[in-house]
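# Coordinate inspection notes
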Amino acid sequence: DGGITQSPKYLFRKEGQNVTLSCEQNLNHDAMYWYRQDPGQGLRLIYYSQIVNDFQKGDIAEGYSVSREKKESFPLTVTSAQKNPTAFYLCATTGTGRTGELFFGEGSRLTVL
Amino acid sequence: GESVGLHLPTLSVQEGDNSIINCAYSNSASDYFIWYKQESGKGPQFIIDIRSNMDKRQGQRVTVLLNKTVKHLSLQIAATQPGDSAVYFCAENRNDYKLSFGAGTTVTVRA
């Protein structure tokens, strides 16, 4: 099936640890995004990538890092520098040259213990 | 700063009634808007979109209205069903490759 796969679905980490969230897509979309969602709030853009080997900071990039070595993959690392990492993380893609409909994965819920 | 926002965080509606979810935006340069539905623990799903050269667009049981004069967007759901219970987000195109999302409205359908 075509789609976006995020893993793991649930992740627990201790303070001070880095964690990497996986996002894989087989839609052949060029652009990929990472959003963070907190309870009762909208989605906030962390990082986005328009093309392989290129990515840009979103609105809340501090404490996060990404890579885009392959078209299909856009992993997000939540570093120990992120002050409040507990959240629901959503990966999305779009195939249009300009932002159109975003296709979302099922999300990864990160809890810092 | 410029943002997208929803008028009410929650909406309770009787099954079978019509629902209206509102959204205000402030970026007059935005030319593309989307409504998403998010069920608990899942990613948002596309419902319907509209470009700024239109003021109304209809889908299956849903209608989006755009009033550029007052920068207002609404989603109407006809004959609301229990499966419509979810959080609804509006989003606007700020510029290339970015969408800005509102805080969401939680819709609860009463049997």
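Residues numbered from 1 in each chain as written. Chains lettered and ligands numbered in written order. Predicted model: local features only at pLDDT ≥ 70, side-chain atom pairs only at ≥ 80, totals over all residues. Heavy atoms only, no water.

### Section: the sheet that holds strand β8 (residues 76-78) of chain A
Remark on secondary structure: sheet strands pair via backbone hydrogen bonds, oriented parallel or antiparallel. Residue and element names in this part refer to chain A. Judged by pairing direction, the sheet is antiparallel, and its four strands sit side by side in the order β1-β3-β8-β7 without closing on themselves. At either end of the open sheet lies a strand with only one pairing partner, and these are β1 (4-7) and β7 (64-66). Mean inter-strand twist for the sheet, computed between neighbouring axes without regard to direction, equals 20°. Here three bridges tie β7 to β8, and the two strands are oriented antiparallel to one another. (Pairing = 2+ DSSP bridges. Helix = DSSP H or I, 4+ residues; strand = E, 2+ residues; numbered from the N terminus. Axes fitted to C-alpha atoms, helices over the stretch in contact; angles between N-to-C directions.)

### Points about the state of the cysteines
Applying the stated rule across the entire model yields two disulfides over all chains. For Cys-23 of chain A, the disulfide goes to Cys-91 of chain A, at an S-S distance of 1.9 Å. For the disulfide bridge between Cys-23 of chain A and Cys-91 of chain A, the dihedral angle about the S-S bond is near -70°, and by the sign convention the bridge is left-handed. In this pair, Cys-23 of chain A sits in strand β3 (residues 19-25) while Cys-91 of chain A sits in strand β9 (residues 87-94), placing the two residues 68 residues apart along the sequence. The same class applies to Cys-23 of chain A and to Cys-91 of chain A, which are both buried. A disulfide bridge connects Cys-23 of chain B with Cys-90 of chain B, and the sulfur atoms are separated by 1.8 Å. Taking the sign of the torsion about the S-S bond as the criterion, the disulfide between Cys-23 of chain B and Cys-90 of chain B, at about 55°, is right-handed. (Disulfide = S-S within 2.5 Å. Buried < 20%, exposed > 50% of the residue type's maximum accessible area, 1.4 Å probe, protein only.)

### Concerning the interface of chain A and chain B
Contacts between the two partners involve 25 residues from chain A, matched on the other side by 21 residues from chain B. Note on chain A versus chain B: buried area summed over both sides is about 1,900 Å², and carbon and sulfur give 51% of it. Inspection of the chain A/chain B interface yields zero salt bridges. At the junction of chain A and chain B, the tally comes to four residue pairs in polar contact (both at pLDDT 80 or more). Residue composition of the side of chain A that touches chain B, grouped by class: 10 nonpolar, 10 polar and five charged. (Contact = heavy atoms within 4.5 Å. Buried area = accessible area lost by both parts, 1.4 Å probe. Salt bridge = Lys/Arg side-chain N within 4 Å of Asp/Glu carboxyl O. Polar contact = N/O pair within 3.5 Å; in protein donor to acceptor, adjacent residues only side chain to side chain. Nonpolar A, V, L, I, M, F, W, Y, C, P; charged D, E, K, R; others polar.)

### Quick word on the layout of surface pockets
Quantified by volume, the largest pocket comes out at close to 340 Å³. In terms of lining, the largest pocket is formed by 19 residues, of which the most central are Gln-37, Pro-39 and Gly-40 of chain A together with Gln-38 and Val-87 of chain B. With three residues, the single largest contributor to the lining of the largest pocket is strand β9 (residues 86-95) of chain B. (1 Å grid on protein atoms, 1.4 Å probe; cavity = no way out; pocket = protein on both sides within 12 Å on 5 of 7 lines; lining within 4 Å. Points joined across faces, edges and corners; volume = space filled by probe spheres on them.)

### So, a nonpolar patch on the surface
A contiguous nonpolar surface patch, about 400 Å² in accessible area, is contributed by Tyr-10, Phe-12 and Leu-113 of chain A. In this structure, Leu-113 of chain A sits in the segment after β11 (108-112). (Patch = residues over 30% accessible without salt bridge, like charges linked within 9 Å, V, L, I, M, F, W, Y side chains within 5 Å. Areas by Shrake-Rupley, 256 points an atom, 1.4 Å probe, with all protein chains shown as cover.)

Read these as geometric descriptors, not functional statements.
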